[in-house]
Amino acid sequence: MKKIFFLLLFIFLSQACGNSLVQSPREGYIHTSDGVRLFYKIVGNGGETLVAVHGGPGNSLNSILPDLEPLAQNRTVIYYDQRGNGRSDLIKDRDKLSISKHIEDLEAVRTHFKLDKVTLLGNSWGGMLIGFYAIAYPDKVKRMILHSPGEPTKTFMVKADEEMQLRLNQQFSAERKKRYAFVSNYQNWVKAEDP
C-alpha cells in the first residue's frame, strides 16, 4: 500500500511541477573540445531561449545577470562564463584565449543545449564575440542583440576615444575634466579607500 501511495505521489508531483523533477540542472559545466570547462547558469523557463554573453575579458556572467534578469520572465536565458573568466577554467596558455577559441566555446554552448538556431545578446566585448560568431556560423544565428558593444577594430577604438575627448572638451569645465581624468585612471581605483 505504501509503495502505491508513493508511486501516485511521485506521479502527481511530476505532473504538478511540469516534470521539473527530471529537468536538467540549472547550472553546471560544459566541456569544450580542447578540455576547458565552461560554467553555465540557466534562469527562467520560457519557450524562447536567449544566450547572454558577458563583456570583459575579465568579467563573468554575474556582471550582466542582475540587469538582464527581467528577460527571464518570458524566456529561458542561458549565461556562461567565458574561458579564463568567472567560474570557468582559468587559462595560462595565451593561444587558448584566441578569438577562435571563444567562437568555438559559444558553438559548444549552442550544441550542448541542442539549440538549432540561437538568439544571442552580447554585452561590450561579448557584442564583438557574438559578431565574430555570426560570421563563423551564420546559419546558426536567429537574432543578435548588441548591448553596448566594444569597437571591432583598433582604428574604431582610437576614433571613439578621439570623439569622447572632443565631447569632454566641449561640454566640461577644466575642473570637471580634471576629475574625470582622475576617476578614469585605474591606478587611482586600486589605491583609493573607497574605489
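Check the entry above for the structure.
Our subject in this report is the structure included herewith. Please read all numbers here as calculations on a predicted model, not as lab measurements.

Take the pairing of strand S6 (residues 141-147) next. Where strand S5 (residues 118-123) and S6 come together, six bridges link them in parallel fashion. Note that in S6 the partner of Leu121 across the bridge is Ile145. For the crossover from S5 across helix H4 (residues 125-136) to S6, the handedness is right-handed.

Summed over the entire model, instances satisfying the criterion amount to nine salt bridges. Among the ionic pairs, Glu27 bridges to Lys41, the shortest N-O distance being 3.7 Å. Within this pair, whereas Glu27 is found in strand S1 (residues 27-31), its partner Lys41 is found in strand S2 (residues 37-43), the two being separated by 14 residues in sequence. The class for Glu27 is partly exposed, based on a relative accessible area of 34%. Its relative accessible area of 26% is what places Lys41 among the partly exposed residues. Note that Arg143 and Glu48 form a salt bridge whose closest N and O atoms lie 2.3 Å from each other.

Reading the values: the criteria
- Residues numbered from 1 in each chain as written.
- Predicted model: local features only at pLDDT ≥ 70, side-chain atom pairs only at ≥ 80, totals over all residues.
- Heavy atoms only, no water.
- Pairing = 2+ DSSP bridges.
- Helix = DSSP H or I, 4+ residues; strand = E, 2+ residues; numbered from the N terminus.
- Right-handed = clockwise from strand over helix to strand, strands pointing away.
- Salt bridge = Lys/Arg side-chain N within 4 Å of Asp/Glu carboxyl O.
- Buried < 20%, exposed > 50% of the residue type's maximum accessible area, 1.4 Å probe, protein only.

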